[in-house]
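For reference, the chains in residue letters:
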Amino acid sequence: MGLLSLGTPLHWNEAKQYADHVRSHGIDQFLSVYRKQRSRKKQCLLWGDEVEYVVVKLDKENRRTKLSLRAFDILAQLQKPEQEYNDGNTEQPPDALWRPEYGRFMIEGTPGAPYGSTFRDLMNVEPSMKRRRQLAHEAMLPDEIPVTLVNYPRLGCPHELDIDIEPHGKAVQSMFVPDEVTNPHARFPTLAANIRRRRGAKVEINMPIFHDKNTPRPFIDPTIPFDREVFDHDREAKNGAAKPDHIYMDAMAFGMGCCCLQITFQACNIDEARHLYDHLAPVAPIMLALTAATPIFRGYLADTDARWNVIAASVDDRTPEERGIKPLKNDRFVINKSRYDSIDTYISNDSMYKDRYNDLDLVYDKDIYEKLRNNNVDDLLARHMAHLFIRDPLVIFKELLDQDDENSVDHFENIQSTNWQTVRFKPPPPNSDIGWRVEFRSMEIQITDFENAAFSVFIVLLTRTILSFGLNLYIPITKVDENMATAHKRDSVLNDKFYFRKNVFTNDGNKNATNGNGHTAAEEDEYELMTMNEIINGKDHGFPGFVPLIHSYLNSTNIDIETRCQLTRYLSLISKRASGELMTGASYLRKLVTSHPQYKQDSVVSPEITYDLIDTVDRIARGELKAPELLGEFNA
Ligand code: GLU
Ligand code: MG
């Protein structure tokens, strides 16, 4: 989620006065890295995954769950081996690295060391994830479990926390969750409070409710305390923030309390990183749809399957002027998206890239752009950075205002790491051995380690296939955005179509370039709408499909039989999810709710249903319960 620094965090009124200071030094810090590292080469691929977990208390006797707010204590325990190793007390490197996340009920685990570049390394992913789950279990109380659900289904409903706390927090001012659901590290409550202060209102999240037979129409949520007036902001719900027929949420925790599966790769040089960034951008919405696993919010079934828009709204710090609701007076830009959103601009100078793909009217800081250009940063990269830098720094630590710009990237990271986009281009940290990297951020966490390993390995193999075959996946960025919207739809995997490039083998997108079949490829004919099945498994006389392409790539390499079999299992899971033979996490969870004997067909996910749902996914994740609709013949 970003760097943790220590110190006194500034209130927004003070922080905003240093915004230009942070931005200008941030750019100097980027330029210093860029100058020193632009020609840096790394021989081989290194990569890693990040798995985020929710900590749940399972009361088996009373068949009730609570959200555990003990993540901090659990992390202290989990981080011991890393600490010991860093302190030189042991030669034994840690099996896993553990980090805090936004929620006080979340933990994040990564492998102890990056995976290497060999196929054999891919075999280490699932054992590493299993080991992490085991370590997490061991660090918890006997009645606590780490669950890889995207969110706690009843977050924000009364009496769902392991300590009963009323939602009257000063920082977040939510009607539903107390400040105590936020990680207590100063960075997080300040982030939430400064987002609210900058925006001038609480964040406003509305996800459409799933209308079942007995769900009232219109649905006006009876559980919203419309007349509560502890804070001025409490009037917002009544004044229209809470929309009819929607599940209304008013706090960062509903979004940033969601768990995802992220993959980071080290590229062999800056150009490869830029190339992969661009090619993974159109893949991001496809993978959001395919991994979708978030059908429930605040105790209700939603009519959507994915988390992304909830997080986008949960950190949307744009002022009314920036959102285009009021005419621009005090602010500098009208900004089309939240800080957490899909990317706005491609960055590769590769010959496959054409200006027409960057068809969004990019908002960027002209002065920063000029400065970057004057320092020999090329147009596309300068536009990208100047676009990220339209944002204000949200959390500034007083003690860290003055930095050595040649050796620190604190100010750069302040802006960079609070632009939570579908893919992230990451410069090498100063004074380290790490190269240029790309982070793939759209995937939702899956119930089992098998699935999480399968999706991680799939993405890594896809990058190798893209590079090895020189695939061209470019489509206009506005079409990528349309795909993001489609990815949220209930069962989009089965029912919807996504824009996708028709001929991925043209590496020359010129207007009259000929493709492999000798046909001319007109610009407007570059992409079309395809089903998920066509994108993943291929289309007759058209796009061969990601899975078949990866298989041909694997056929062109030397792999031992055992590894090949395992990779085939992973690819088969992806393929079956796309064809609908297996369910997505979202449709599986939805079905657990709607087929529950106590479900009243009113969209309500009660505490009883939540208990059974969490107990079920935990047993599936432990391998105690088979889930053929989700996993087919595979084992967790
Ligand atoms: N949990 C966030 C998500 O679901 C990402 C936070 C992070 O960047 O680590 O996308
Ligand atoms: Mg994280």
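To be clear, the structure that these remarks concern was listed above.
Everything numeric in this text was worked out from a predicted model, so none of it was measured.

*Asks:* For this particular structure, what's the right way to read the side chain of threonine 448?
*Replies:* Position of threonine 448 among the secondary structure elements: in the loop between strand E12 (437–440) and helix H16 (449–469). Not counting chain neighbours up to four residues away, the residues in contact with threonine 448 comprise Arg133, Thr148, Ile620, Ala621, Leu631 and Ala636.

*Asks:* Looking at this structure, I do not really get the pattern of salt bridges. What am I missing?
*Replies:* A side chain of one charge can pair with a side chain of the opposite charge when the charged atoms of the two come close. As enumerated under the stated definition, the model contains 54 salt bridges in all. Residue arginine 120 pairs with glutamate 562 through a salt bridge whose shortest N-O separation is 3.2 Å. Residue arginine 120 is found in helix H5 (residues 119–122), and its partner glutamate 562 is found in helix H21 (residues 561–579); the two are separated by 442 residues along the sequence. You can call glutamate 562 partly exposed: its relative accessible area is 48%. Between aspartate 221 and arginine 298 there is a salt bridge whose closest N-O contact spans 2.6 Å. Residue aspartate 221 is located in the loop between strand E6 (205–208) and helix H8 (235–241), and its partner arginine 298 is located in the loop between strand E9 (296–297) and strand E10 (300–301); the two are separated by 77 residues in the primary sequence. Taken individually, aspartate 221 and arginine 298 each receive the classification buried, so the pair is uniform in this respect.

*Asks:* What is the right way to read the packing of aromatic side chains from this model?
*Replies:* When we look at a pair of aromatic rings, we describe it by the centre distance and by the angle of the planes. Enumeration according to the criterion identifies 25 aromatic pairs in this entry. Measuring from ring centre to ring centre gives 4.9 Å for tyrosine 346 and tyrosine 474, while their planes differ by 85 degrees; the resulting arrangement is edge-to-face. Taken as a pair, tyrosine 346 in the loop between helix H12 (308–314) and helix H13 (366–374) and tyrosine 474 in the loop between H16 and helix H17 (477–488) lie far apart in primary sequence, 128 residues in all. For tyrosine 346, a relative accessible area of 0% puts it in the buried group. Plain terms: the ring middles of phenylalanine 543 and phenylalanine 546 are 5.6 Å apart, the flat faces sit at 90 degrees to each other, and that makes the pair edge-to-face. Taken as a pair, phenylalanine 543 and phenylalanine 546 share a single burial class, namely buried. Among the aromatic residues, ring-to-ring pairing joins Phe30, Tyr34, Phe389 and Phe412 into one connected group. Lysine 479 extends its terminal NZ or CZ atom over the ring of tyrosine 499, reaching a point 4.7 Å from the ring centre.

*Asks:* I keep staring at unusual backbone geometry and nothing clicks. Help me out?
*Replies:* One can expect most non-glycine residues to show negative phi and most peptide bonds to be in trans. Going from arginine 217 to proline 218, the amide bond is cis rather than trans, its omega being -5 degrees. Inspection of the secondary structure puts proline 218 in the loop between E6 and H8. One non-glycine residue, arginine 63, adopts positive backbone phi at about 50 degrees. By secondary structure assignment, the location of arginine 63 is in the loop between strand E1 (46–59) and strand E2 (64–67).

*Asks:* Explanation requested: the pairing of strand E3 (residues 96–100) in the structure shown.
*Replies:* The two faces of a sheet get side chains in turn, since along a regular strand they alternate between them. Within E3, 4 of the 5 residues are buried, which leaves it mostly tucked inside the rest of the structure. Here E3 pairs with strand E4 (residues 106–111) via 5 bridges, running antiparallel. In the strand pairing of E4, alanine 96 is matched with proline 111. Count of turn residues in the E3/E4 antiparallel hairpin: 5 residues.

Parameters and conventions
- Residues numbered from 1 in each chain as written.
- Chains lettered and ligands numbered in written order.
- Predicted model: local features only at pLDDT ≥ 70, side-chain atom pairs only at ≥ 80, totals over all residues.
- Heavy atoms only, no water.
- Helix = DSSP H or I, 4+ residues; strand = E, 2+ residues; numbered from the N terminus.
- Contact = heavy atoms within 4.5 Å.
- Salt bridge = Lys/Arg side-chain N within 4 Å of Asp/Glu carboxyl O.
- Buried < 20%, exposed > 50% of the residue type's maximum accessible area, 1.4 Å probe, protein only.
- Phe/Tyr/Trp six-rings, centres within 6.5 Å; stacked < 30°, edge-to-face > 60°.
- Lys NZ or Arg CZ within 6 Å of the ring centre and 35° of its normal.
- Pairing = 2+ DSSP bridges.

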